[in-house]
Amino acid sequence: MHGTRTVTLDGPIDLRLTLGHLRRGTGDPTLRVNRGEAWRAHRTEAGPAAVRMRVRADGVELEAWGTGATVALEAAPELLGRHDRPGDFRPGGVLRDLAGRLRGLRIGRTGAVIEALVPAILEQKVTGREAWAAWRRIVLTWGEPAPGPLPVRVPPDPEVLAGTPYFELHRAGVERRRSELIRFVCARARRIEETTVLPRADAHKRLLSIPGIGPWTVAEVAGRAWGDPDAVSLGDYHLPHLVSWVLAGEPRGDDDRMLELLEPYRGQRGRVIRLLEAGAPRPPRRGPRMAPRSIRTI
């Protein structure tokens with residue numbers, strides 16, 4: 001199937017700023033994005049879809065392929081943040097400057113929980129480079145070429161990952177704990193996807209009831225799948241330092257200090273973090289970066 005539509009918005013959009021946080025490393029096979037154009041492959045309830053998005057003067061022009069093309073086009077306004085109201089966020093100081101400079105950043109939502117959850121599990125307790133390499137191997141091994149002409153790949157079907165033995169995931173660079181957790185959530189994909197329509201507190205409770213899923217992982221899902229503008233990833237290695245540095249001039253921080261500094265922006269704390277990650281200066285580094293491991297060779 002093939003279809004087109006144009007999504008109009010109430011303000012500017014920068015596709016890189018809006019969709020870039022969905023990409024898991026620069027080599028993510030499922031998404032390619034720059035400021036004015038993006039290609040994305042994903043699964044819908046009707047089947048795989050690939051979407052090309054282009055910014056035009058009258059909105060975002062969309063073209064979609066695959067059995068899920070119609071569903072993907074219908075969901076596109078949510079993905080692009082048409083519901084979002086970035087103009088209502090009016091902070092002062094450095095955040096005002098960032099919001100003005102990054103006016104094209106919108107908070108969208110994919111509505112796809114497993115699609116956000118599996119990469120978030122991969123990112124637990126390891127470096128980003130390790131997690132992104134594992135995600136790329138998983139997509140290249142168990143995903144499939146996207147329908148249509150776009151050079152992207154559709155993420156694996158949850159049923160496929162649920163039935164993949166641990167030793168195969170180990171070859172992709174994932175140790176037993178994370179492998180078993182991925183298999184567990186993929187086997188329960190239907191119930192987990194229901195969190196998209198639950199009240200937010202109930203959605204958090206359902207995910208947190210899964211052993212191995214904590215507040216950090218839920219926040220990573222909330223910011224992508226649910227489009228929560230207040231999602232804060234507690235337990236992140238770098239984030240407290242960034243928030244403390246930009247908002248208080250302190251080169252080091254912890255979760256408590258981060259929450260204290262973000263409290264004036266409650267309801268929009270996730271937006272603040274997105275702005276800081278997209279355009280704020282990084283705190284000075286202390287010591288070497290954490291060295292990535294090669295789990296595949298263990």
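None of these values were measured; they are calculated from a predicted model.

Cut-offs used in this document
- Residues numbered from 1 in each chain as written.
- Predicted model: local features only at pLDDT ≥ 70, side-chain atom pairs only at ≥ 80, totals over all residues.
- Heavy atoms only, no water.
- Helix = DSSP H or I, 4+ residues; strand = E, 2+ residues; numbered from the N terminus.
- Polar contact = N/O pair within 3.5 Å; in protein donor to acceptor, adjacent residues only side chain to side chain.
- Core = buried A, V, L, I, M, F, W, Y, C linked by side-chain atoms within 4.5 Å.
- Buried < 20%, exposed > 50% of the residue type's maximum accessible area, 1.4 Å probe, protein only.
- Contact = heavy atoms within 4.5 Å.
- Pairing = 2+ DSSP bridges.
- Axes fitted to C-alpha atoms, helices over the stretch in contact; angles between N-to-C directions.

1. Focus on the environment of Ser209
- Tracing the backbone through its elements, the reader meets Ser209 in the loop between helix 10 (200-208) and helix 11 (215-224).
- Here Arg206 takes part through its backbone oxygen, which lies 2.6 Å from a polar atom of the side chain of Ser209.

2. A closer look at the nonpolar core
- The biggest cluster of nonpolar side chains holds 34 residues, and the ones touching the most others in it are Val185 and Trp226.
- Mapped by element, the contributors of at least two residues to this core are helix 4 (113-122), helix 5 (128-142), helix 8 (176-187), helix 9 (189-193), helix 10 and helix 11.
- The biggest single contributor to this core is helix 4, with seven residues.
- With sequence-adjacent residues up to four places away left out, Trp226 is seen in contact with Arg109, Val113, Thr195, Thr196, Arg200, Ala203, His204, Leu207, Val218 and Val221.

3. With respect to the sheet that holds strand 5 (residues 59-65)
- What the five strands build is an open sheet, ordered 1-5-4-3-2; its pairing is antiparallel. Strands at the two margins of the open sheet, each flanked by one partner only, are strand 1 (2-7) and strand 2 (31-33). Sheet twist, expressed as the average angle between the axes of neighbouring strands with direction ignored, equals 20°.
- Where strand 3 (residues 37-44) lies against strand 4 (residues 47-56), eight bridges are found, and the strand directions are antiparallel. Residue pairing in the sheet places His42 in a bridge with Ala49 of strand 4.
- Most of the contacts of helix 2 (residues 69-79) go to strand 1, to which it runs at about 15°, and overall it touches strand 1, strand 3, strand 4 and strand 5.

It is worth stressing that arrangement in space is one thing and function is another; only the former is reported here.
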